[in-house]
Amino acid sequence: MSGTATRRPAAGPEAKPPRPARAVPAGARRLGGLLALLARRALLLAVLLAAVFAAVELLPGDAANATSERGESAADLARRRELLGLDRPVAGRFADWMTGLPSGDLGTSARGESVADLLSRPFPNTLLLGGLALLVTLAVSVALGCWAALKPGGGVDRAVSATATGVLALPEFVVAVALVLVFALWTGWLPAVTLTDADGSPASWQMLVLPVLALAIPQIGWNTRIVRAALADEAKAPHVETAVIDGLPRHRVFTHHLLPGALPTIAAGIATSTGMLLGGAVVVETIFNYPGIGSVLAGAVTDRDSPVIAGVVAVTGAVITGVLLLADLVRARASGGRT
C-alpha cells in the first residue's frame, strides 16, 4: 500500500517567551512627572515674558522718549535708541535678554542700571510682605474651615461660610482703605504709611500689620471656602465613614482620616493664592508707601522699560513656580501615603 508521508517541520531552537517589561519604580515615575510639570511651567513663564516684551512694544512711545531729558534733539534720541537697542526687532531683543536669564543676568534698565541690582533691595521686602500674608492666610483659613466642618450645617458653619463669601469679593485696595480708616485714622493704633531704615527695610514690625492684613483678608475668604469644601468632600470617603462606624473619637477621625485626605486640595488652594498675593502686593504697597517692587514696576511701565518689567515678572514667576512645585510635592506625598 502506497501513501504520502506527512512531513514534519525540522526541529529548530525553541522560541523563548518574551521578557516581561521592567516595572518603573513609583518614585522614578513621580520624579519624571514633576520634572515634566516643571518644564511646562518654565515654558509658560517664557511665553509670558515674550508677551511682556510684545505688550511694552505696543505702548505709545518708547524707552528713549520716556527717559529723555528736556531739550534733547532728534539726533540725541536716535543715539539713545541705538544704545538701548530699540532700533532692533523686539524678537531679537527678547532673545538676547533670555540668553542671560539662566545666569541671573536680567539686563540693563533704560536708565543704565543693572536690573538685578535694581530689584535686589525692594524684592525681598515684597517677599516678606507676601510670605507673612501667606502664613496668616494658611493659619486662619485652615482654622476657620476646620471649625466650620466640625458641625456641618450648624450656626458656626453658616456664619463662617457667609462671611468668607463676602470677604473674598472685596478687592485688596478696598480692604486697605478700610483698615487705614479704622486702625490708623480713627483709633491711631497702627501707622498708615511705612517708614524705612537705612537699608530700605520697614523700620518697625507695626508697619507690616496693615499691609499684611490687607493682602491676607480676601485670600482668607477664598481659602476658607476651599478648606470647608475639601473637608466636606472627604467626609464622604469610605475610609472616613468606616472610621466613624468603628466608633473612633471625633478628634481622631478628623486629624487622622479627614484632614490628611483634604490636604492636597488645601495645598493647591494656598499655592494658587501665592500669585494673587504677589499681584495684590503692587496695589497694597502703593497705598501704604511700602518699599517693595510695586513702585519699581510702576516706574518701569512709565519708562516703557521692557527689561525691568520682564525682570519683575521673571523673579515673581520663579517664586510662584517654586510654591506650586512645593504644593505638587505635598499632593504627591499625601496621595502616595493614602491607604
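Residues numbered from 1 in each chain as written. Predicted model: local features only at pLDDT ≥ 70, side-chain atom pairs only at ≥ 80, totals over all residues. Heavy atoms only, no water.

By the naming in an unreviewed UniProt entry, the protein goes by Metal transporter and is assigned to Streptomyces chryseus. Comment text from UniProt for the protein, heading Subcellular location (unreviewed entry), reads "Cell membrane". Quoted verbatim from the Sequence similarities (unreviewed entry) field of UniProt, the annotation for the protein is "Belongs to the binding-protein-dependent transport system permease family." (UniProt positions renumbered as here; feature names shortened; annotations may be inferred.)

Novice: I'd like a rundown of the overall build of the protein, residues and numbers included.
Specialist: Of regular secondary structure, the protein possesses 13 helices and zero strands. The helix and strand sequence of the protein, counted from the amino end, reads α-α-α-α-α-α-α-α-α-α-α-α-α. For the protein, the spread of C-alpha atoms along the principal axes amounts to about 125 × 65 × 30 Å. Buried positions account for 35% of the 339 residues belonging to the protein. When contacts within the protein are restricted to residue pairs at least 6 apart in sequence, those whose partners lie at least 24 apart make up 74%. Of the roughly 19700 Å² that the protein leaves accessible, carbon and sulfur atoms contribute 65%. Of the side-chain charges in the protein, 28 are positive and 24 negative, and the distance between the mean point of each set is 17 Å. (Helix = DSSP H or I, 4+ residues; strand = E, 2+ residues; numbered from the N terminus. Buried < 20%, exposed > 50% of the residue type's maximum accessible area, 1.4 Å probe, protein only. Contact = heavy atoms within 4.5 Å. Areas by Shrake-Rupley, 256 points an atom, 1.4 Å probe, with all protein chains shown as cover. Lys, Arg positive; Asp, Glu negative; His and termini not counted. Charge placed at Lys NZ, Arg CZ, Asp CG, Glu CD.)

Novice: Got a sec to walk through the pattern of salt bridges? Specific residues and values, please.
Specialist: Tallied over the entire structure, the rule returns six salt bridges. In this structure, Asp157 and Arg228 form a salt bridge, with 3.0 Å as the shortest nitrogen-oxygen distance. Taken as a pair, Asp157 in helix α7 (residues 155–168) and Arg228 in helix α9 (residues 206–234) lie far apart in primary sequence, 71 residues in all. The class of Asp157 is buried, set by a relative accessible area of 9%. (Salt bridge = Lys/Arg side-chain N within 4 Å of Asp/Glu carboxyl O.)

Novice: Describe the UniProt feature "transmembrane region" (unreviewed entry) in the protein, and please don't skip the residues or the numbers.
Specialist: UniProt records the feature "transmembrane region" (unreviewed entry) for residues 38–56, 127–150, 162–185, 205–222, 258–288 and 308–330 in the present numbering. Summarising residues 38–56: 100% helix, 0% strand, and an end-to-end C-alpha distance of 27 Å.

Novice: Describe the side chain of Thr126, and please don't skip the residues or the numbers.
Specialist: Residue placement: Thr126 occurs in helix α6 (residues 122–150). Residue classification places Thr126 among the buried residues on the basis of a relative accessible area of 1%. Among residues more than four places away in sequence, those in contact with Thr126 are Leu278, Ala281, Glu285, Tyr290, Gly292 and Ile293.

Novice: Go over unusual backbone geometry, please, and point to the residues and values.
Specialist: Although it is not a glycine, Asn289 sits at a positive phi angle of roughly 55°. Secondary-structure assignment places Asn289 in the loop between α11 (250–288) and α12 (293–302). Here the phi dihedral of Arg304 falls at roughly 55°; this positive angle occurs in a residue that is not glycine. Inspection of the secondary structure assignment puts Arg304 in the loop between α12 and α13 (306–337).

Novice: Run through α12, naming residues and quoting values.
Specialist: Residues of α12 that are buried include every one of Ile293, Gly294, Val296, Leu297 and Ala300, and no others. Viewed end-on, α12 has its buried residues packed into an arc of 165°, placing them on one side of the element. When the buried face of α12 is taken as reference, the exposed residues oriented beyond 90 degrees from it are Ser295 and Thr302. The positive-phi residue at the C-terminal boundary of α12 is Arg304, with phi of around 55°. (Arc of directions from axis to C-beta.)

Novice: Break down the packing of α7 against α9 for me, citing the residues and quoting the values.
Specialist: Two quantities define a packed helix pair, namely the angle between the axes and the distance from one axis to the other. Contact pair α7 / α9: the axes reach a minimum separation of 7 Å and the direction vectors enclose 135°. The angle between α7 and α9 places the two elements in the oblique class. Crossing handedness for the pair α7 and α9: left-handed. Between α7, through Asp157, Val160, Ser161, Ala164, Thr165, Val167 and Leu168, and α9, the contact on the second element is made entirely by Ile217, Pro218, Gly221, Trp222, Thr224, Arg225 and Arg228. A class-by-class count of the residues in the contact of α7 with α9 yields seven nonpolar, four polar and three charged. (Axes fitted to C-alpha atoms, helices over the stretch in contact; angles between N-to-C directions. Parallel < 35°, antiparallel > 145°, perpendicular 65-115°, else oblique. Left-handed = near helix turned anticlockwise from the far one by under 90°. Nonpolar A, V, L, I, M, F, W, Y, C, P; charged D, E, K, R; others polar.)

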